[in-house]
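As a plain string of letters, each chain reads:
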Amino acid sequence: MSAVANPATVGECLRVGAGFSQGDRNWIAEQFATLDARLAGFHADATELEVSVKDREARGQKVTLECWIAGRQKIVTTSGEEDLHAALNDVRDDLRRRLNDAKTRQEPRHNKHLRDVPQPQADIDESETPAPRADADTA
């Protein structure tokens, strides 16, 4: 894997959207710090994260975490957990899982499980195919 000159971190890439204030940003960045290792494979200037909450601290609150990485599809994770801390952890863990899934889909050659699966042979060895019988009657 090639090293990225300016690796993405939550601290650099996180924006707070609706329902959060700039004062909440540091607290949220601390909650999402475990994403740094996963984001480090991407360039900071090509990566964005935005977290927002609808109906904060209400019974039907919904936390949304969006992730944009250049050259990849946008990833959106949501949580309906009533506890804000639990909802943030939920969207963080879901994003980590989706980033891992996307990496596996894009680069299966680095996935040991996929390498161990036998690949179907496209070429048929001619020495194994029976030759037409010379003594066969033709009609």
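Above this text you will find the structure in question.
Below is a summary of the structure that appears in this document. As the structure is a computational prediction, the values presented were derived from the model and not from experiment.

## Let's talk about the overall build of the protein chain
- A count of helical and extended segments in the protein chain gives five helices and four strands.
- Each helix and strand of the protein chain, ordered N terminal to C terminal, gives the series α-β-α-α-β-β-β-α-α.
- Every one of the 139 residues in the protein chain was classed for burial, and the buried ones make up 32%.
- Once local pairs closer than 6 in sequence are excluded, the contacts in the protein chain between residues at least 24 apart make up 51%.
- Carbon and sulfur atoms form 47% of the exposed surface of the protein chain, whose accessible area is close to 9500 Å².

## Details of the pattern of salt bridges
- A complete count under the given rule lists eight salt bridges for this structure.
- Glu66 serves as the salt-bridge partner of Lys74, at 2.9 Å between the closest nitrogen and oxygen.
- Given the relative accessible area of 43%, Lys74 is considered partly exposed.
- Across the pair Arg97 and Asp101 runs a salt bridge, and its minimum N-O distance is 3.2 Å. In this pair, Arg97 and Asp101 are both assigned in helix α4 (residues 84-106), four residues apart and thus about one turn of the helix distant.
- The class for Arg97 is partly exposed, based on a relative accessible area of 43%.
- Taking relative accessible area as the criterion, Asp101 reaches 35% and is therefore assigned partly exposed.
- When salt bridges with common partners are traced through the structure, they connect Arg15, Glu48 and Glu50 into a single cluster.

## Concerning the environment of Thr9
- Looking at the secondary structure, you find Thr9 in the segment before α1 (10-13).
- Residues contacting Thr9, with those up to four places away along its chain left out, are Asp36 and Leu39.

## Structural notes on the environment of Leu95
- With respect to the helices and strands, Leu95 occurs in helix α4.
- Take Leu95: its relative accessible area is 0%, and that puts it in the buried class.
- Not counting residues within four places of it along the chain, the set of residues in contact with Leu95 comprises Leu35, Leu49, Leu65, Cys67, Ile75 and Thr77.

## Let's talk about the side chain of Thr77
- Tracing the chain through its elements places Thr77 in strand β4 (residues 75-79).
- Apart from the residues within four sequence positions on either side, Thr77 is in contact with Val63, Thr64, Leu65, Val91, Asp94, Leu95 and Arg98.

## A look at unusual backbone geometry
- Even without a glycine there, the phi angle at Asp55 is positive, about 55 degrees.
- Inspection of the secondary structure assignment puts Asp55 in the loop between β2 (47-54) and β3 (62-69).

Conventions we followed
Residues numbered from 1 in each chain as written. Predicted model: local features only at pLDDT ≥ 70, side-chain atom pairs only at ≥ 80, totals over all residues. Heavy atoms only, no water. Helix = DSSP H or I, 4+ residues; strand = E, 2+ residues; numbered from the N terminus. Buried < 20%, exposed > 50% of the residue type's maximum accessible area, 1.4 Å probe, protein only. Contact = heavy atoms within 4.5 Å. Areas by Shrake-Rupley, 256 points an atom, 1.4 Å probe, with all protein chains shown as cover. Salt bridge = Lys/Arg side-chain N within 4 Å of Asp/Glu carboxyl O.

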